[in-house]
Amino acid sequence: MSTEILSATVRTEFGKGAARRARRAGLVPVVVYGHEGEPVHLDLPAHELFLIVRSNKNAVVTLKTADAEQLALVKDIQRHPVSRAILHVDLLAIKAGEKVQVTVPLVVVGEPTPGTVHNVEEFEIPVKAPVTAIPEGIEVDITGLEIGAVIRVSDLPVPEGVEIELDPEQDILSIQEVQEEPEEPAETTEPAEGEAPAGDEAATEAE
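Residues numbered from 1 in each chain as written. Predicted model: local features only at pLDDT ≥ 70, side-chain atom pairs only at ≥ 80, totals over all residues. Heavy atoms only, no water.

**Observations concerning the overall build of the protein**
Right, on to step 1. Helices and strands together make up the secondary structure of the protein, namely three helices and 14 strands.
Right, on to step 2. Expressed as a percentage of the 207 residues in the protein, the buried residues total 30%.
Right, on to step 3. Within the structure as shown, the protein displays about 13,600 Å² of accessible surface, and the carbon and sulfur contribution to it stands at 49%. (Helix = DSSP H or I, 4+ residues; strand = E, 2+ residues; numbered from the N terminus. Buried < 20%, exposed > 50% of the residue type's maximum accessible area, 1.4 Å probe, protein only. Areas by Shrake-Rupley, 256 points an atom, 1.4 Å probe, with all protein chains shown as cover.)

Printed below as a string of structure tokens:
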């Protein structure tokens with residue numbers, strides 16, 4: 001399996017001050033959990049990490065330190081609320097042959113019949129997948145579907161070896177008729193108390 005390789009530095013300083021110094025140096029503090037071992041604290045290059053996770057929240061990477069390599073799955077990313085810069089990442093240590101539990105987005109393609117709209121019940125799909133074949137999303141094609149059509153879990157196409165961890169009969173998406181907004185009545189200007197309507201004024205002037 002080919003994965004992105006990230007050069008990692010074992011972190012020996014901890015706390016907010018150490019984290020700030022790491023970020024100023026272009027690094028992101030991360031913690032690697034899993035396989036019954038103690039959590040491992042590392043620093044990873046911020047720009048390379050950003051490029052890897054920007055379009056794949058379930059990215060699998062190879063962490064390379066001075067004396068070891070470890071396969072890991074990105075599990076949680078903390079970002080700055082304004083700049084969206086990566087502040088901290090949790091990773092899960094994994095092995096090439098195992099399966100992992102992740103959520104992937106539902107990707108809707110195509111358009112239903114005119115006059116209809118699709119309503120999504122589940123935007124994220126929980127799956128169990130081999131680390132070598134985690135899908136970036138589950139795609140469903142709604143081209144030409146008519147009012148009343150329903151897509152259930154059992155209808156979703158999944159790659160070989162991937163299991164969806166939802167009830168097969170659960171609704172994922174439905175096609176409904178477009179509900180037109182009722183027209184608002186035209187606004188009328190009521191004459192102020194003691195003031196004649198515009199038409200009456202014209203009649204008075206004619207007299």
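Resuming the write-up.
**Considerations on the pattern of salt bridges**
Right, on to step 1. This model, assessed by the stated rule, comprises four salt bridges.
Right, on to step 2. Where Asp43 meets Arg11, a salt bridge forms, and the shortest distance between an N and an O atom there is 3.3 Å. Of this pair, Asp43 sits in strand 4 (residues 40-45) while Arg11 sits in the loop between strand 2 (9-10) and helix 1 (16-24), placing them 32 residues apart in sequence.
Right, on to step 3. For Asp43, a relative accessible area of 10% corresponds to the buried category.
Right, on to step 4. Ionic pairing is found between Arg152 and Asp171, a salt bridge with its closest N-O pair at 3.3 Å. A residue pair is termed long-range when its members are at least 10 positions apart, and Arg152 in strand 12 (residues 150-152) and Asp171 in strand 14 (residues 171-177) qualify at 19 residues. (Salt bridge = Lys/Arg side-chain N within 4 Å of Asp/Glu carboxyl O.)

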